[in-house]
Amino acid sequence: MQMRPCWVEIRTSFLENNYRFLKSLAAPDIELVAILKADAYGHSLALCAPAVLRAGARWIAVTSVEEGVAARALCPSADIAARVMVIGGVVPGQGAAVVEHGLTAVVWEPAQLDDLEMAARAAGMRAGSLPVHLEIDTGMSRQGASLEGLAPVLTRFEPGSPLKLEGVMTHLFAADESDGQINHAQLAQLQQALALVEAAGLYPDWLNVGSSASLLGGEGGAIVALAARHGMKAMLRPGLALYGVAPRFDPPFATEEPAALKAARSQLRPVLTWKTAVISVRTVPAGAVVGYNGTFVATEPMRLALVTAGYADGLSRLLGNRFSLLVRSERAPLVGRVSMDHAVLDVTGIAGVEAGDEVVILGTQGTETITAYDHADTSGTIPWEVFTRIGARV
Ligand SMILES: *Cc1c(COP(=O)(O)O)cnc(C)c1O
């Protein structure tokens, strides 16, 4: 059936190249975990998980156990040696699914460990055969064990338990701040946590820290050094960069831009292009009002093009009267409010626009490009939200 025209195109070859580029920055000291949460940032887990595995990824991560089950179905452990990490927290009762689907949970609450241990015992797992990564709260106050609360968590890994402390994880919450001060404070906290882990007689393999901004902003070296001091290997978790968007730093690096970031801006290619089409064109007289509440008034006779993309598709309502889309390789302003299912473009100055013309919402047409940061800047958000709010019906 012919579909209402509002769709995204995903270039998995770009995703593969982006992964290989990031891997080349990381090699040989840093392992990468490809972040595929929230349906691969709206890019489709079903397309993106196989692509990163083709590019050589051995670790992928998602938010929840249910996303993990979906990811595992795409890379059955019998066929592919891929590890699937659940980074968003396992809720009590999900332990059995973690065991059954061979997922690697990030945990920090004693109750999470008890649930996993019970599930592992019920499945007859041997001592030390269910790997988990322990999250440490190094300052974000969102999740993770605090230094004070670490002792009761570490006792869950006593000899004989099926649980294995495979990794120690934290999240750098200001990795895009170019002065790096918060990173350093967090790594100092992490170092204290590692001392407590060692004092408990536990020797995890992986130090699991940092996102795209850490990899591109040059924090990798400090993470590798910290890991090495504790006999561990470093692991970083890029998401946004995989999809071809280099994170912005605040304030921007003036002169000493890290080499990795500079390379990233020329090497990463956006994986997603979002398109719609004109389905109807009309001419209105001067004085005509456009869209809900008539927030736009035609100042002259105008040609208007209707496109089938609205806020229910993820096109932010905040873009009305403030943004342009691409048609016939030119920028056509969005006039009036964005509706739930439609938006209206001013095509008065663009010759020949007619029903059926392809319209680019995010991506390149001819020599013009609209980026996720362009959307984010105008709608008061960040590229992560721009991608993840693209609606399922798109
Ligand atoms: C989403 C997420 C990432 C990836 O972050 P990017 O900025 O997209 O690279 C890394 N770690 C954790 C814990 C996350 O939740």
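What counts, and where the lines are drawn
Residues numbered from 1 in each chain as written. Predicted model: local features only at pLDDT ≥ 70, side-chain atom pairs only at ≥ 80, totals over all residues. Heavy atoms only, no water. Phe/Tyr/Trp six-rings, centres within 6.5 Å; stacked < 30°, edge-to-face > 60°. Buried < 20%, exposed > 50% of the residue type's maximum accessible area, 1.4 Å probe, protein only. Pairing = 2+ DSSP bridges. Helix = DSSP H or I, 4+ residues; strand = E, 2+ residues; numbered from the N terminus. Near = heavy atom within 4 Å. Polar contact = N/O pair within 3.5 Å; in protein donor to acceptor, adjacent residues only side chain to side chain. Areas by Shrake-Rupley, 256 points an atom, 1.4 Å probe, with all protein chains shown as cover. Nonpolar A, V, L, I, M, F, W, Y, C, P; charged D, E, K, R; others polar.

1. Considering the packing of aromatic side chains
Step number 1: On inspection of all chains with the given rule, the structure shows 3 aromatic pairs.
Step number 2: Taken together, a centroid distance of 5.0 Å and an interplanar angle of 50° make the contact between Phe 249 and Phe 253 tilted.
Step number 3: The class for Phe 249 is buried, based on a relative accessible area of 8%.

2. Overview of the pairing of strand β16 (residues 330–335)
In regular strands, side chains alternate between the two faces of the sheet.
Step number 1: Bridge analysis of strand β15 (residues 324–327) against β16 gives 4 bridges, and the strand direction is antiparallel. Of the residues in β16, the one forming a bridge with Leu 325 is Ala 332.
Step number 2: Relative to strand β17 (residues 343–346), β16 is paired through 2 bridges, and the arrangement is antiparallel. From the neighbouring strand, Leu 334 faces β17, where its bridge partner is Leu 345.

3. Notes on the site of the ligand
Step number 1: Close contacts around the ligand come from 13 residues, with Lys 37, Tyr 41, Ser 212, Gly 239 and Trp 384 the closest.
Step number 2: Within the side chain of Trp 384, a nitrogen or oxygen atom sits 2.8 Å from an oxygen atom of the ligand.
Step number 3: In isolation the ligand exposes 390 Å². Once the protein is present, 90% of that is buried.
Step number 4: Here the residues of the shell around the ligand sort into 7 nonpolar, 4 polar and 2 charged.

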